[in-house]
Amino acid sequence: MTEERIDYLLIGGGLASTKCARTLREQGADGRIVLVGRESDPPYNRPNCSKGFLRGIEDRSEAYVEAPEFWQEQDIELRTRTSVMKLDLDARVAKLSTKEELRFDKALIATGANVRRLNVEGCDLEEIHYLRTLGNSQAIRESVADAEHVVLIGGSYIGCEVAASLSMMGLSARIVMQEDVTLERGFGPDAGRFFHELLESHGVTIHGKDGLARFEGDGRVRKVVTDNGLELPADTVVIGAGVAPDVQLARGAGIAIGESGGVRCNSRLASSVPGVFAAGDMCEYDSIIHGGPLRIEHWDVAFNHGATAARNMLGQDVPHEVVPYFFSVLGDWAELEYVGPARSWETEALRGSHESGQFTRWYLDGGVLKAALTVGRPDDLEHAQRLIASGAKLDDGAQAALADLDSDLSSVGA
Ligand SMILES: Cc1cc2nc3c(=O)[nH]c(=O)nc-3n(C[C@H](O)[C@H](O)[C@H](O)COP(=O)(O)OP(=O)(O)OC[C@H]3O[C@@H](n4cnc5c(N)ncnc54)[C@H](O)[C@@H]3O)c2cc1C
């Protein structure tokens, strides 16, 4: 068994770790940085898995977060196909699946999330897929190549994006979901209906207010049976039922876990153990903007967390104060962008119209802007971010201005 000494150990081969590594170097870290990831690919952008890569219009390498030469140029040691099996935080030693031991000074835990698996009758049949990795995406693409009937379980963004991508590939898909309209859990029924109708107008069939009862098949899945008694033919199934933070390693090491199930961090993304930070999908941090703990599974959040964590690993003592941003793409038909998040809200204001395909929907609680969703009006989001960060209470006139296409948003809440 060999033991090596390193300065910065970044655990998890995803976006958050990669951004952390890059920022450490940009901010002048000159020590030894090692990034350990269990997948065989170098860190990549997961959004490609439900969009261009799934459709077969992008190569695998186009998803990679950094160009191949980055790692050597920046003198960052990337260890793929390697897991951190155990962390001894008293000794500050990580045990790797390669049997090596790394003695580290500072560590980042960015182990991401795992898909939630549905344990129903028939769930082990072939061609029932989940989507988290490039490998999953490739397997779905290969599966649908000889599939006549594709069923997607779940009406949130994974189900909607995959349905749209398959439709762009000339396949018709069905969605089975518990919600009444797609995406309503995040954006409410009015916005949800816009996306729901958009999908339907492109040939996607949606069965709302229904649940998955079981799968039937003959080795390969052949049928999806729903709680309402629908029997849907299916040669390929893709399940998008959410994710759970992967905190197995952190929990085993005795690091505090928060209510959302993520590693509990302060506003500096520091965990309960000195010198150990967290970032990305499994990081629950104290959000100064939201006034409490927040954990979000968005690309942009992982990216920005990585930068904040790096600066705090270098002792800069900076709070994480970015308003979370999310994007999603439905084929070539619509790109939605969102800042927030609003878990609940009292009122909504609409700027533009669904009919025009260009609108921003504002979500307010007690006159305070909590979130905004836009399709086709990206410039509105910088005003939304400013208003969310300020927490300013907007009077009736200001709220009316949000909905008035002729009003100047820079004067709202100023
Ligand atoms: C199909 C798909 C589409 C998406 N589309 C969008 C989108 O359009 N917009 C958006 O905002 N967000 C999107 N997301 C979410 C976004 O990609 C994630 O929020 C982001 O990837 C999180 O990055 P991360 O670094 O925290 O975790 P991850 O990307 O999950 O990386 C963590 C890595 O750590 C590895 N790991 C875990 N434990 C260990 C260990 N003990 N040792 C070594 N390695 C370990 C994991 O295998 C994984 O490779 C999408 C996600 C998916 C799956």
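Quick note: structure is the one above.
Attention here is on the structure that accompanies the text. (Residues numbered from 1 in each chain as written. Predicted model: local features only at pLDDT ≥ 70, side-chain atom pairs only at ≥ 80, totals over all residues. Heavy atoms only, no water.)

1. A short note on the packing of aromatic side chains
For any pair of aromatic rings, the description consists of the separation of the ring centres together with the inter-plane angle of the planes.
Then step 1. Here the structure, examined in full by the defined rule, presents eleven aromatic pairs.
Then step 2. Note on Trp299 and Phe303: the rings are 5.2 Å apart at their centroids and 10° apart in plane angle, and the pair reads as stacked. A residue pair is termed a helical-turn pair when its members lie 3 or 4 positions apart in one helix, as Trp299 and Phe303 do in helix α8 (residues 299-313) at four residues.
Then step 3. Judged by its relative accessible area of 28%, Trp299 is partly exposed.
Then step 4. On the basis of relative accessibility, which here comes to 26%, the residue Phe303 falls in the partly exposed class.
Then step 5. Here Trp299 and Phe327 contribute two aromatic rings whose centre-to-centre distance is 6.5 Å and whose plane-to-plane angle is 70°, an arrangement assigned as edge-to-face. With a gap of 28 residues between them, Trp299 in helix α8 and Phe327 in strand β21 (residues 325-330) connect regions that are remote in the sequence.
Then step 6. Residue classification places Phe327 among the partly exposed positions, given a relative accessible area of 22%.
Then step 7. Members of the aromatic cluster, connected to one another through ring pairs, are Phe187, Phe194, Phe195, Tyr338, Trp345, Phe359 and Tyr363.
Then step 8. The cationic tip of Arg141 hangs over the ring face of Phe53; the distance from NZ or CZ to the ring centre is 4.7 Å. (Phe/Tyr/Trp six-rings, centres within 6.5 Å; stacked < 30°, edge-to-face > 60°. Helix = DSSP H or I, 4+ residues; strand = E, 2+ residues; numbered from the N terminus. Buried < 20%, exposed > 50% of the residue type's maximum accessible area, 1.4 Å probe, protein only. Lys NZ or Arg CZ within 6 Å of the ring centre and 35° of its normal.)

2. Examining the state of the cysteines
Then step 1. In this structure the tally under the stated criterion is zero disulfides.
Then step 2. For the unlinked cysteine Cys49, the closest cysteine sulfur is that of Cys160, found at 17 Å. (Disulfide = S-S within 2.5 Å.)

3. Regarding the site of the ligand
Then step 1. The environment of the ligand is formed by 35 residues, the closest being Glu39, Arg46, Lys51, Arg132 and Asp281.
Then step 2. With respect to the ligand, the backbone of Leu15 contributes an N or O atom lying 3.2 Å from an oxygen atom.
Then step 3. Interatomic distance of 2.9 Å between a backbone N/O atom of Val84 and a nitrogen atom of the ligand.
Then step 4. Burial of the ligand by the protein chains amounts to 97% of its free accessible area of 1,000 Å².
Then step 5. Among the secondary structure elements, those contributing two or more residues to the shell around the ligand are α1 (15-26), α5 (157-168), α8 and β21.
Then step 6. Here the element with the most residues in the shell around the ligand is α5; it accounts for three residues.
Then step 7. Its residues placed into classes, the shell around the ligand shows 15 nonpolar, eleven polar and nine charged. (Near = heavy atom within 4 Å. Polar contact = N/O pair within 3.5 Å; in protein donor to acceptor, adjacent residues only side chain to side chain. Areas by Shrake-Rupley, 256 points an atom, 1.4 Å probe, with all protein chains shown as cover. Nonpolar A, V, L, I, M, F, W, Y, C, P; charged D, E, K, R; others polar.)

4. With respect to the layout of surface pockets
Then step 1. By volume, the second largest pocket is sized at about 220 Å³.
Then step 2. Surrounding the second largest pocket, 13 residues form its lining, Ile289, His290, Pro341, Ala342 and Lys370 being those nearest its centre.
Then step 3. Tallying contributions element by element places strand β25 (residues 368-375) first for the lining of the second largest pocket, with three residues.
Then step 4. Here the lining of the second largest pocket is built from residues that sort into seven nonpolar, three polar and three charged. (1 Å grid on protein atoms, 1.4 Å probe; cavity = no way out; pocket = protein on both sides within 12 Å on 5 of 7 lines; lining within 4 Å. Points joined across faces, edges and corners; volume = space filled by probe spheres on them.)

5. Section: the sheet that holds β25
Then step 1. If you walk across this open sheet you meet the five strands as β21-β22-β25-β24-β23, and the pairing is antiparallel. Of all strands in the sheet, those bounded by a partner on one side alone are β21 and β23 (347-353). In this sheet, adjacent strand axes meet at a mean angle of 15° when their direction is disregarded.
Then step 2. The pairing of β23 with strand β24 (residues 358-365) spans seven bridges and is classified as antiparallel. Looking at β24, one finds that Ala349 is bridged to Trp362. (Pairing = 2+ DSSP bridges. Axes fitted to C-alpha atoms, helices over the stretch in contact; angles between N-to-C directions.)

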